[in-house]
There are 2 protein chains.
Amino acid sequence: MVSIATWNINSVRLRADQVARFLTQEEPDVLCLQEIKTEEKHFPHQVFEDLGYTHRAVHGQKGYHGVATVSRLPFRELDRHDWQANGEARHVGVELLGAAQGMVIENVYIPAGGDIPDREQNAKFGQKLDFLERMAFWADRLDRPTLITGDFNIAPLDCDVYDHKALIKVVSHTPIEIAALDRFRNAHGFEDLGRKHIPAPERNYSWWSYRTYWQDKDRGRRLDHMWASPDLAAQSRSHRFVEETRRWDQPSDHIPLVTEFDL
Amino acid sequence: MVSIATWNINSVRLRADQVARFLTQEEPDVLCLQEIKTEEKHFPHQVFEDLGYTHRAVHGQKGYHGVATVSRLPFRELDRHDWQANGEARHVGVELLGAAQGMVIENVYIPAGGDIPDREQNAKFGQKLDFLERMAFWADRLDRPTLITGDFNIAPLDCDVYDHKALIKVVSHTPIEIAALDRFRNAHGFEDLGRKHIPAPERNYSWWSYRTYWQDKDRGRRLDHMWASPDLAAQSRSHRFVEETRRWDQPSDHIPLVTEFDL
DNA sequence: GTGCGTACGG
DNA sequence: CCGTACGCAC
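Residues numbered from 1 in each chain as written. Chains lettered and ligands numbered in written order. Predicted model: local features only at pLDDT ≥ 70, side-chain atom pairs only at ≥ 80, totals over all residues. Heavy atoms only, no water.

- Chain A appears in an unreviewed UniProt entry as Exodeoxyribonuclease-3 from Novosphingobium kunmingense.
- According to UniProt, the comment filed for chain A under the heading Sequence similarities (unreviewed entry) is "Belongs to the DNA repair enzymes AP/ExoA family." (UniProt positions renumbered as here; feature names shortened; annotations may be inferred.)

### Notes on the protein's contact with DNA strand C
1) Next: DNA strand C sits among 16 residues. The nearest are A:Ser11, A:Leu14, A:Tyr210, B:Ala112 and B:Arg211.
2) Next: When atoms of DNA strand C within 4 Å of the protein are split into backbone and base, the sugar-phosphate part holds 68%.
3) Next: At 2.7 Å from a phosphate oxygen of DNA strand C is found a side-chain nitrogen or oxygen belonging to A:Ser11.
4) Next: Here B:Arg211 contributes a side-chain N or O atom positioned 2.8 Å from a base oxygen of DNA strand C.
5) Next: Considering only residue class, the surface near DNA strand C consists of five nonpolar, four polar and seven charged. (Near = heavy atom within 4 Å. Polar contact = N/O pair within 3.5 Å; in protein donor to acceptor, adjacent residues only side chain to side chain. Nonpolar A, V, L, I, M, F, W, Y, C, P; charged D, E, K, R; others polar.)

### Here we look at the packing of helix H3 (residues 123-139) of chain B against helix H5 (residues 175-188) of chain B
Helix-helix packing is characterised by the crossing angle of the two axes and by the distance between the axes.
Residue and element names in this part refer to chain B.
1) Next: Contact pair H3 / H5: the axes reach a minimum separation of 7 Å and the direction vectors enclose 15°. Between H3 and H5, the interaxial angle falls into the category roughly parallel. In this structure, H3 meets H5 at a crossing whose hand is left-handed. Together, Phe-125, Lys-128, Leu-129, Leu-132, Glu-133, Met-135, Ala-136, Trp-138 and Ala-139 of H3 and Ile-176, Glu-177, Ala-180, Leu-181, Arg-183, Phe-184, Ala-187 and His-188 of H5 make up the contact between the two elements. (Axes fitted to C-alpha atoms, helices over the stretch in contact; angles between N-to-C directions. Helix = DSSP H or I, 4+ residues; strand = E, 2+ residues; numbered from the N terminus. Parallel < 35°, antiparallel > 145°, perpendicular 65-115°, else oblique. Left-handed = near helix turned anticlockwise from the far one by under 90°. Contact = heavy atoms within 4.5 Å.)

### Concerning the sheet that holds strand E8 (residues 146-151) of chain B
Residue and element names in this part refer to chain B.
1) Next: Strand order in this open sheet of six strands is E5-E6-E7-E8-E12-E9, and the pairing throughout is mixed. Looking at which strands have only one partner, the edges of the open sheet turn out to be strand E5 (75-79) and strand E9 (191-192).
2) Next: The pairing of strand E6 (residues 91-96) with strand E7 (residues 104-109) spans five bridges and is antiparallel. Counted as the bridge partner of Val-94 is Ile-105 from E7.
3) Next: Here H3 sits on the sheet and contacts E7 and E8; the angle it forms with E7, its principal contact strand, is near 170°. (Pairing = 2+ DSSP bridges.)

Structure (structure tokens):
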């Protein structure tokens, strides 16, 4: 049994203790972090080292974005794709060794895309769509059991947001983004583990805006995902979202997801 | 018995809980704060109100400087001098009413003066000297029992710094500043209560640089003072500096002083 | 709302 | 080193 977690931590330095608490409590074999918001030289390596997460691939940059994959199983780092070719740190890929030999874990932070869902008016939205197209091109050539996980910044299903009709024109839930995400998924035939294990239309949010935190309206969206190649998906045994982190002090706006695989 | 305290708090909002802890523990009748670093509209009034400090004179500004005098004895606010005439909030004066009728408490935050002790090269140093000259002119006309207290940003005696020879050219301990401070003191005949009660050359520091905090060299300076008119000084019964606040979490770089008067 | 960079003052 | 303000991104 191998368990893999993902969490957009929104600053790994500020929340190093929360990450430690999560790792101690959930004991995943691998944790994929997004928005670490630091260069590797300031990554809190010791916190992970002390908890047995001695294998780490940190792809960081100053202030924004940044991803890291930490593991207590040995792995080999494969690549760091820059699908926008703009130098942003949004991906790191590793291949597990040992017990889970051969499993590839792609950790990605897809661009948020700005506020206006129109590439003429908003270059960031165009970049998000282009990023997804390039990911689709890349996925088409994948030929190994792959888990791609992270913050996709898209809530694809109607039931992935608290109000489908209200959000259909809001970046993260527009038809054009969802179509681009679908092309990417179909390019490899990924299976959406979130909805394999928690079937639609069940509530399954992973993100809540800080701006409406104080309200208790539960205005969530499912922006974080774990997608697996068909053969690997068949080996997934459980999947859960760890919502209690939201109730910790100064929480991230995202919660972690954890999947267990029979391998 | 009336007890008066002074503390450069270095942000009263960030350290409102530390101020509350200090007030609960030491129970001074009056506390003079400097570097509150906030406009009055964001001053944590309720914290003081809840502890019985229902009389407050807050002279704040956005981001920098700012002084406040809080009291559980009634007082009347007298004035807010702007000796630099540059709009900075560096002084507030009050007159105690009731039990301690007639005692005037002048709360002041003298400019730090920049890094270079030369008014040709460093305008801030000139402003500090000018500020002191204007205070001397003002002090010459005082005719009531007055306590002037706060962060004077000058360590006048050789024993008021950890290394007299090393600091003689460092702003806060240069002969020209000390001479200006002496003129101010002599203009009214103030008595330095810190050295009345803790005679030179006894260790008596009130400030340590954040830059050398991690060292434990005790590189302190006596920058905070309580000076009294001769008649009032004769009524002072005890004086102490409350160094334990330095060991609290995220401490101010200054510690509080407390004086008790027999009146 | 909450994070980080930068700039400024100490 | 440690505060605040501001701008930017999400």
